[in-house]
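# Survey of secondary and tertiary structure
What follows is the residue order along each chain.
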Amino acid sequence: MTNTILAAVSTFVPLLLLIDVLALGHLKESKSAGRSGKLILLGGITSAFPLLVLFATSSQTAQFITGTEPLGDLIRFDTLSTIMFIAVSIIGFVVLRFSESYLAGEKNQVAFFRKLLFTIALVQVLVLSGSLITLFVAWVATSFGLKSLILHYKDRPRAQLAAKKNFLIARMSDLSLLVSLGLLYSQFGTANLELIFEGLRNINLDSVPANLELSAIFLVLAAVIKSVQVPFHGWILDVMEAPTPVSGLLHAGLLNAGPFLIIRFSFLMDISTIAPIVLLGFGALSAIYGTIVYPTQPAVKTSLAYSSIGHMGFSLMIAGMGLYSASLLHLVAHSFYKAHSFLSSGSAIDRYRLKQMDGKLNFKATFWHALIGFIITGTIFLLINSALEESHQKNFQILVLGAIIVAGVSSYMIRTLGTQNSTRSTFKAIAVSSMVLLAFFTFESAIGAYLGAQIPDVAQPGLWLKAILTLVLIAFVSIIFIAMFRSPKSAMKGPKWQIYKRNGFYIHVIFDRFLQPVYSKVRS
Amino acid sequence: MSIEQVQEAINKALQRVAPAWTLENSVAVNPYLGLADTTFEKAAELLKYRGDIDLYMPLGFYAQQIEEGRINNADIRRAMSTMNIDMSVREFRGELDYLKGEKAESHSMKTLLNLAQSAHQNDLHELLVNHTSEWLSSFFREEESGSPEEMWAEWKRYSETDLLPELSGLENFRSRVKNLPENAHSAILNGLENLHLKEHLVEAYLHALLLKLVGWSSYASGIDWQNRLYGGEINYQKTLLAIIISWENILIQQNHELEPDWKEALNTLEDELSFKRNNEYFQTQAVLQLAFDLAAQRELRKKFSKSAAYKSKTNKDRPKAQMVFCIDVRSEVYRRNLETVDNEIETIGFAGFFGFPIKYSPINHSKGRNNCPVLIPSGPEVCEHAGHNHDAVEQKIEANGKLNTAWSKFKTGAVSSFSFVSPLGLFYLPKLIGDSLGWSSPAPSPKEKEFGQILKGDHKLDVTGIPFEDRVTMAKSALTAMGLSNRMAPVVLIAGHGSTSVNNPHASGLDCGACGGNSGEINALTAEIILNDKAIRQQLDNEGIHIPRDTRFVACLHDTTTDEIKILNEAGIATSHNLQMDEIKKSLALASQSARKTRAPRLGVNLKSSETEIMRRANDWSQVRPEWGLAGCNSFVVAPRFRTASMDLESKTFLHSYDWRSDKEYAVLETIMTAPMVVTSWINLQYYASTADNNKLGAGNKTLHNVTAGLGVLEGSNGDLRIGLPMQSIHDGEKYQHLPQRLNVVIEAPVDAVNNIIQKHEMVRDLCDNNWITILLLDEEGKISQKYVGNGEWERLEERELQTEIKEYQTQTI
């Protein structure tokens, strides 16, 4: 009973926000405008939190607010949506609060608040959707909220260009989603997610209807396009033409839509054979692309934008591997991390000054350092893995993901060894590495246990998937090691492709050139 | 054209662009520095023509000043007569009413880029700026970027490979770059040759090219400036010029159809001078700017005239304490409040490095920080010392530094950043909330890391890096210049200043400029240590400066954001001074409170909550206006404090204590006029430029700032490096907090002495004769009675005239 009330209360939050957006239209005073939005968001967090606790402590994993057919459940509070709802609300709250002083004195601060609240409300609706229809409407509407935010300084030509590009990309994504959801509807004859999920769980894996396979592929496309996967990422490199909080909300709240969509429809992904591979491909490529391009960018916000492309890719890639809980972990973790990175991007000069206090690092790692470092972290990993309970999933996919995490952590270990540091620091580094790895495996299994029945169990990978995953692993690990043994300066002097890399391999330039005629027709 | 002439024109063009510093230690620079040899009015024409840079505000702004009574008819009349314009004020204002609705006409010098741009539609200008800006960001990103030769070679190599220009429609860009000469100098000469410029246009044209990337050009000029001071290679700006002219060159090779246009343009390029004659809007701006400056002078005269009625009460007795502040305009508010709270504390104004131009090296710092004015190279080095187990501590700090570096590489490395975010990203949730509510700050304070241990008393500041004799000389000249040499209170407080803000790329601009964009703690502590040293005192005594045995120098810091005063080395103060210190601390606490109340309205803070609110704002990561810095500065007074003690100078005035009667051969005056006066004009003109044209010489909108290469900001996703001040530093959203007025320097000294110094130093003469600053003299009564009008000549200012003007003003406003 209480759960129903809590869910009902939380449900009102986006509604209240939307009412607030309308109400603020008459307001000149920006102080009270900010306050009302913050209060509503805070209310949402407070009412949804007990649900989170309830789901975590009981066997129940979902709670619905039901509407009439054919809509089905309007709102769906389950383990996944509650976590997303709370994360989005917290980020919305912080971004809103940040904008109060940050944009103080701007003529259109109230208008900015309205756009912000509108967008936050729609992201909330999106994650809480219990029906295909609400989900689709929210999916489309968020992009309009985003567009108005990108155009906050509408006289800036680059902002206009970014908005145009985004508009086009967003429509492509909408279209893919429409096809995907349409196919689902035609298959199951309902828009109710709960019924669809049930139908999906009962599909015989030996005879999956082609409609569903196709639906999954379009679902992947929608997600990939929405979450700035290569080559659909160009517009995000110009969003810095809007005030910092817009980037904060976008990178921490809106890009998430792609991975969220995949995890939401994990049962659909689970029965498809091609879609996960497509997703894995896009994700892995974008992850590699983003992660190797971002350190070459001298401008903080630009580099953060490339970094987000990579992280979204990583999250989608993990989902493509069937590890939905790890994907959600990365998604939520990244969202807090990136919100902080953007909002604190003004501290870049302070950070640069602090770096000088670390002295000069003359890092001379040899093959032996690398070997020892890798063995140490590998041992920690094995120890942790064997210490974890039997119930913990031990399959090929998680091993690959674990190996990527371990390789990353080992780079810290190796660098510590390679600077001829004291034994004391080596022990410190071992302690820190163990902590990081422990945190990963703990969180990963905790979130898996929490999601419970809302995601399918990890399937045994086929030979193909195994082969692909092995390639991915090799690629990721080699990138770590190559980066470690090359000084950043050599990026200036290195071979030609280093110069291409600094330019993001011109993908967005070529993509833009290709679409130039279309842009000129889009009104901003 | 001979090679020498070309060489000279190139050098002249390079000089035209003033240096800029990195945001890590940003100091105010006069962005018109390279034009100081021309008059202000001429510079306005030059910059408008060559770079479409405005030196004047739009007419609407001046019209508003007239409406609000800041400029009156007498000011306009005087301005017109100074500029030899024969017109009645009524006529002039009629014209203004008509013109103010118009838009300023831009009439810029044509370069090939402009021609090509209008011929091709596609935005070549943007391409040049973005391409070059991005490349420069990468080049200057690392600590040790290459030499100027390497800069040229690397740019060439990069541009020979980069596909962007060609993908953007510039065909054959790479092969054309390949054909460029092997060094930057020849590239410039080649470029000039291909463009067939007439001799007398070379400088203007090259200057116009540099102004296309005025931000980076200033930055490169800044590196050259520093390398000149410290010995290093000085052709960075020139290499940048070579890069820009190469673009021009490639354009003309590329587009033969542009040649006729270019030939035609070459003929009209001469019209530079006719620009002003034909432009009413511009001329009206020039008159009104002068009137606006005259208005400021009138205000100052009024203030001094009023205060002269007060009798000078020079405290003959020994005061309870003396407190030396920086000349910074923010000290003015605090000093006023302190003197009101406790009239037994005397305050003194002096440059905030207190005459100790040092370099400070914290333990394990990669390069050390220059805590001294940028006009001079930093002197000897003072360092952080950890006491008896220094070596062990140093090793530990070094080891931790290495761990930190390894950690941050892990955190930001390719792929390894995934291994960081997955397990640790969730920990950013508490951080996000903490930072948002002001419980924590997004990054540790660099100041805290640099000298926090010293302030805590755990580490010591070691000044023995300064040779003993130098310590004595510095002490001696500091005490003499401060006017302290023969009259010292039992406690002399040395108050450096710094600011508190978080998440603010422009934070160091709010710190002490005299300390090279650093907070003043280290300089104040150095002064304290040296001046309290018995051996130094002994030596000073031998040289005729006697410091009373009971006099104790006490270093402190004035936080200009919160107006708190912190005593830096409390533990070091002998118990004999306890009683006095207690009293002083009480007075300081009261003064701080009252200074906050004075400043609260300007910060938009409610008086009732000013105590808590001002502190909260200082630690708010989203605060874009932590304090007003030096906004509003328009005057510099060089006189004993009692002349200004009764005035409310509204935080607009730099105050330097100076008594000409005890200045032998005016040596101190000479120093003041060649150093602090130049620096104050730099600050004033930086604020001026950022207000008059925030787009070109200011940093734009803070909410769009994108820190690049760890040294500066871009506005938005790309574009030129942005120098100067953000809009938020001069404007509160409703009105300007800085009014663009040129600096008025009020000096109390004999006219001949001042005149001699002006004539002796070219730098000072340029400033005064070319109307960049105005010098006003105080008479014996403390009234402003003379004004320097150029060429060694002075104008008497009649008191009667001022009174009539004031009357006229009153009737006008009625």
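So, here's what we can say about the structure.

Rules and cut-offs
- Residues numbered from 1 in each chain as written.
- Chains lettered and ligands numbered in written order.
- Predicted model: local features only at pLDDT ≥ 70, side-chain atom pairs only at ≥ 80, totals over all residues.
- Heavy atoms only, no water.
- Helix = DSSP H or I, 4+ residues; strand = E, 2+ residues; numbered from the N terminus.
- Rg over C-alpha atoms; globule rule 2.2 N^0.38 Å.
- Buried < 20%, exposed > 50% of the residue type's maximum accessible area, 1.4 Å probe, protein only.
- Contact = heavy atoms within 4.5 Å.
- Buried area = accessible area lost by both parts, 1.4 Å probe.
- Salt bridge = Lys/Arg side-chain N within 4 Å of Asp/Glu carboxyl O.
- Polar contact = N/O pair within 3.5 Å; in protein donor to acceptor, adjacent residues only side chain to side chain.
- Nonpolar A, V, L, I, M, F, W, Y, C, P; charged D, E, K, R; others polar.
- Patch = residues over 30% accessible without salt bridge, like charges linked within 9 Å, V, L, I, M, F, W, Y side chains within 5 Å.
- Areas by Shrake-Rupley, 256 points an atom, 1.4 Å probe, with all protein chains shown as cover.
- 1 Å grid on protein atoms, 1.4 Å probe; cavity = no way out; pocket = protein on both sides within 12 Å on 5 of 7 lines; lining within 4 Å.
- Points joined across faces, edges and corners; volume = space filled by probe spheres on them.
- Pairing = 2+ DSSP bridges.
- Axes fitted to C-alpha atoms, helices over the stretch in contact; angles between N-to-C directions.

Each helix and strand counted, chain A has 22 helices and 2 strands in total. Computed over the C-alpha atoms, the radius of gyration of chain A is 23 Å, within 12% of the 24 Å expected from 2.2 N^0.38 for a compact globule of 524 residues. Seen along its three principal axes, the alpha-carbon backbone of chain A occupies a region of about 65 × 60 × 45 Å. Buried residues in chain A amount to 63% of all 524 residues. Across chain A, the fraction of contacts at a sequence separation of at least 24, relative to all contacts at a separation of at least 6, is 80%.

Moving on, we get to the interface of chain B and chain A. Contact with chain B, which involves 107 residues of that partner, is made by 101 residues of chain A. Taken together, the two surfaces of chain B and chain A that pack against each other cover about 9,100 Å², and 60% of this comes from carbon and sulfur. With its nearest N and O atoms 3.0 Å apart, the salt bridge here joins Arg156 of chain A to Glu715 of chain B. In this structure, the connection of chain B to chain A is made through 45 residue pairs in polar contact (both at pLDDT 80 or more). The greatest single-element share of the side of chain B that touches chain A, amounting to 14 residues, is contributed by helix 19 (residues 390-412) of chain B. Taken together, the residues that form the side of chain B that touches chain A break down as 40 nonpolar, 40 polar and 27 charged.

Residues and elements named next belong to chain A. Together, Phe367, Trp368, Leu371, Ile372 and Ile375 make up an exposed nonpolar region whose accessible area comes to about 550 Å². If you trace the backbone, Phe367 turns up in helix 16 (residues 367-387). Classification of Phe367 by relative accessible area gives exposed; the value is 56%.

This part takes up empty space enclosed by the protein. Evaluated as defined, the whole model comprises 10 cavities of 30 Å³ or more. In this structure, the largest cavity spans a volume of roughly 140 Å³. Residue lining of the largest cavity: 19 residues in total, with Tyr102 and Gly346 of chain A together with Asn503, Pro505 and Lys702 of chain B positioned closest to the centre. Elements that contribute at least two residues to the lining of the largest cavity include exactly helix 3 (79-102) and helix 14 (324-343) of chain A together with strand 12 (705-708) of chain B. Take the lining of the largest cavity: its biggest share by element is 3 residues, from strand 12 of chain B.

Another point: the sheet that holds strand 1 (residues 321-326) of chain B. Residues and elements named next belong to chain B. With mixed pairing, the 5 strands of this open sheet are ordered in space as 2-1-7-8-9. Two strands in the sheet have a free side with no partner beyond their single neighbour: strand 2 (345-350) and strand 9 (565-567). Adjacent strand axes in the sheet meet at a mean angle of 30° when their direction is disregarded. For strand 7 (residues 491-498) and strand 8 (residues 552-559), the ladder comprises 8 bridges, and the chain directions are parallel. Bridged to Ala495 within strand 8 is Cys556.

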